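# Structural characterization, general
Take a look at the letters that make up each chain.
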Amino acid sequence: MEKIAIVTGGTRGIGKAIVYELCRKNIKVILNYKKSDSLAIKIKEELGDKIEIFKADVSKREEVRNLINFTLNKFGTIDIL
């Protein structure tokens, strides 16, 4: 069964490295980002169907709910956060 991970701050630094490593291990990743639309799209283009991208400010409760609901509606589970 495919594992599902949400990675916040996934367009830069440690978050980006985690996204690539999880994808290398065949884990489906929801890459969360706040501002970097172009970076998120570029990573999506590089990794293809291994990831989904979702824009949300994790300091805002409602946006976090939207991220969680998106993931659960699409995949039914969250295995790694």
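Rules used throughout
Residues numbered from 1 in each chain as written. Predicted model: local features only at pLDDT ≥ 70, side-chain atom pairs only at ≥ 80, totals over all residues. Heavy atoms only, no water. Helix = DSSP H or I, 4+ residues; strand = E, 2+ residues; numbered from the N terminus. Buried < 20%, exposed > 50% of the residue type's maximum accessible area, 1.4 Å probe, protein only. Contact = heavy atoms within 4.5 Å. Areas by Shrake-Rupley, 256 points an atom, 1.4 Å probe, with all protein chains shown as cover. Lys, Arg positive; Asp, Glu negative; His and termini not counted. Charge placed at Lys NZ, Arg CZ, Asp CG, Glu CD. Pairing = 2+ DSSP bridges. Axes fitted to C-alpha atoms, helices over the stretch in contact; angles between N-to-C directions. Salt bridge = Lys/Arg side-chain N within 4 Å of Asp/Glu carboxyl O.

## Observations regarding the overall build of the protein chain
- Per the secondary structure count, the protein chain includes 3 helices and 3 strands.
- Counting helices and strands in the order they occur from the N terminus, the protein chain gives β-α-β-α-β-α.
- If you line up the protein chain on its principal axes, its C-alpha atoms span 30 × 30 × 20 Å.
- Looking at the protein chain residue by residue over its 81 residues, the buried ones come to 35%.
- A sequence separation of at least 24 residues applies to 43% of the contacts in the protein chain between residues at least 6 apart.
- Accessible surface computed for the protein chain: about 5,200 Å², of which carbon and sulfur atoms make up 51%.
- The distance from the centre of the 16 positive side-chain charges to the centre of the 11 negative ones in the protein chain is 4 Å.

## Here we look at the sheet that holds strand β2 (residues 28-33)
- Reading across the sheet, the 3 strands line up as β1-β2-β3 and stay open at both edges, with parallel pairing between neighbours. Each edge of the open sheet carries a strand with a single partner, namely β1 (4-7) and β3 (51-55). Taking the axes of each pair of neighbouring strands and ignoring which way they run, one obtains an average angle of 20° across the sheet.
- Sheet topology note: the β1/β2 ladder contains 4 bridges and is parallel. Within the sheet, the bridge partner assigned to valine 7 lies in β2 and is leucine 31.
- Contacts from helix α1 (residues 13-24) reach β1, β2 and β3 within the one sheet, and its direction differs from that of β1 by about 170°.
- Sitting on the sheet, helix α3 (residues 61-75) touches β1, β2 and β3, and the angle it makes with β3 is about 155°.

## Describing the pairing of β3
- Where β2 lies against β3, 5 bridges are found, and the strand directions are parallel. Each bridged residue has a counterpart across the sheet, and for asparagine 32 the counterpart in β3 is phenylalanine 54.

## Quick notes on the pattern of salt bridges
- Throughout the structure, instances matching the rule amount to 7 salt bridges.
- The partner of lysine 55 in a salt bridge is aspartate 37, with the nearest N and O atoms 3.4 Å apart. Pair noted here: lysine 55 is in strand β3 and aspartate 37 is in helix α2 (residues 37-47), with a separation of 18 residues, a long-range link.
- Residue class for lysine 55 comes out partly exposed when judged on its relative accessible area of 43%.
- Aspartate 37 gets classed as partly exposed once you look at its relative accessible area, which sits at 32%.
- One network of salt bridges, in which partners are shared, links Glu21, Arg24 and Lys25.

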